[in-house]
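Breakdown of the fold
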Amino acid sequence: MKSNIQTRTRYAGPIAEAAVHPHSLVDQGFASDEALAAVLDRYPAELFDINLYDYDDEGQVSLRTGARGKLDGAELLAAIQQGRLWVNLRSVETGWPELWAAAMAEYGKVQAAYPGLRAVKNAGQLILSSPKARVPYHFDAAGVVLFHLRGRKRIFVYPGDEAHLAEIDMEQVVSRQTTEELPYVRAFEADAQVMDLEPGQALTWPIYAPHRVENLDRFCVSLSMDFQTWPSRFRNGALFTNAVLRSRGGRPRMTDRMATPELAARWAASLALKRAGVLKSRLSAFERDFEPEVGVEDGAGALRA
């Protein structure tokens, strides 16, 4: 299913709309219960993001975050499979190098489908999510290839214009003043490009395009590969610099009105601003609300001392 909107983003890039590509990671055995339980056993606890999203009648979201807890890999996998959890294992490139090497080979095939696409940095997170899990309306400050390995999920991709993705919100995310979730209204649904993803399929979408995800009543496994290009690095740097200027009462120009030299200059400024620590991240202060537990509602048990 697709909307009739032809221009999906105001930011230049070779990916103009969401598209599906084949991959072979499922055939290589990375999504079996045995493989997942083993990697959960050994994955560093500091690289776990365990989230539980609650929604009101208007689709507005509140977030609860979890700690890794004491479950072994098989028990943690069971809690995810029967609950409502969304678990990200960050830095797959170091946490599961065998999967990463295979994924990078597949990424090369996807990149070849887009002339002019040149990643200068790749990073990945393995996503294990419960059958009824949903991820709210948000954007990623990078390009993304979502390699789907298990289950079925539906992705809603929205235009990256000011109405759907305000730059002031982008600044707050890039500068780590808030999480990736964006203001959402149900009227956005008329503009969504909707894609159902099966195991063995990879999804691309325009850089920065807002999106949300629904699992279709099955436990799901995906590898989300972020990639940065020089244009996205420049723009992210400009967004960070603009966030600093705005925090000091400034009214900076929007980055989509800047040519490459100005974006590059603001990126260079962002490096100095970050080194100076002028804008501290607010994300490190998130308190954990629960630990995963087998057999309890949502898979979320009490947080133990």
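Notes on the structure follow. Being a predicted model, the structure only gives us computed values, none of them experimental.

How each quantity is defined
- Residues numbered from 1 in each chain as written.
- Predicted model: local features only at pLDDT ≥ 70, side-chain atom pairs only at ≥ 80, totals over all residues.
- Heavy atoms only, no water.
- Pairing = 2+ DSSP bridges.
- Helix = DSSP H or I, 4+ residues; strand = E, 2+ residues; numbered from the N terminus.
- Axes fitted to C-alpha atoms, helices over the stretch in contact; angles between N-to-C directions.
- Expected span 1.5 Å × (residues − 1).
- Buried < 20%, exposed > 50% of the residue type's maximum accessible area, 1.4 Å probe, protein only.
- Contact = heavy atoms within 4.5 Å.
- Arc of directions from axis to C-beta.
- Polar contact = N/O pair within 3.5 Å; in protein donor to acceptor, adjacent residues only side chain to side chain.
- Salt bridge = Lys/Arg side-chain N within 4 Å of Asp/Glu carboxyl O.

**Points about the sheet that holds strand β2 (residues 48–55)**
The strands making up a sheet are joined through hydrogen bonds of the backbone, oriented either antiparallel or parallel. Ordered by their spatial adjacency, 8 strands build an open sheet running β1-β10-β7-β12-β5-β4-β2-β3, and the pairing between neighbours is antiparallel. Two strands close off the open sheet at either side, each with one partner strand: β1 (19–22) and β3 (61–66). Strand-to-strand, the axes of this sheet are offset by a mean angle of 25 degrees, without reference to chain direction.

**Focus: helix α4 (residues 97–112)**
In this model α4 runs 23 Å from its N-terminal to its C-terminal C-alpha over 16 residues, within 8% of the 22 Å that 1.5 Å per residue would give. Where α4 is concerned, the buried positions are Leu 99, Trp 100, Ala 102, Ala 103, Glu 106, Tyr 107, Val 110 and Gln 111. Where α4 is buried, its residues touch β1, α3 (92–95), β5 (121–129), β7 (143–150), β10 (201–204) and β12 (220–228).

**What about the sheet that holds strand β6 (residues 134–138)?**
Pairing within the open sheet is antiparallel, and its 4 strands lie in the order β6-β11-β8-β9. Only two strands of the sheet have a single partner each, and these edge strands are β6 and β9 (193–197). Taken pair by pair, the neighbouring strands of this sheet meet at an average axis angle of 15 degrees, ignoring direction.

**Describing helix α2 (residues 73–82)**
Every buried residue of α2 is listed here: Gly 73, Leu 76, Leu 77, Ala 79 and Ile 80. Buried residues of α2, viewed axially, fall in a sector of 160 degrees; they line one side. Looking at the packing, one finds that the buried side of α2 touches α1 (33–42), β2, β4 (86–90), β5 and β13 (291–292). N-cap assignment for α2: the residue whose side-chain oxygen lies 3.2 Å from the backbone N of Ala 74 is Asp 72.

**Regarding the pattern of salt bridges**
Counting across every chain of the model gives 15 salt bridges. Put simply, Arg 84 and Asp 298 hold a salt bridge, and the shortest N to O gap is 3.0 Å. A residue pair is termed long-range when its members are at least 10 positions apart, and Arg 84 in the loop between α2 and β4 and Asp 298 in the loop between β13 and β14 (300–301) qualify at 214 residues. Judged by relative accessible area, Arg 84 falls into the partly exposed class, the value being 23%. Note on Asp 298: relative accessible area 19%, which makes it buried. One continuous salt-bridge network, built from bridges that share partners, spans Asp 54, Arg 64, Arg 84 and Asp 298.

This is a description of form; function is not addressed.
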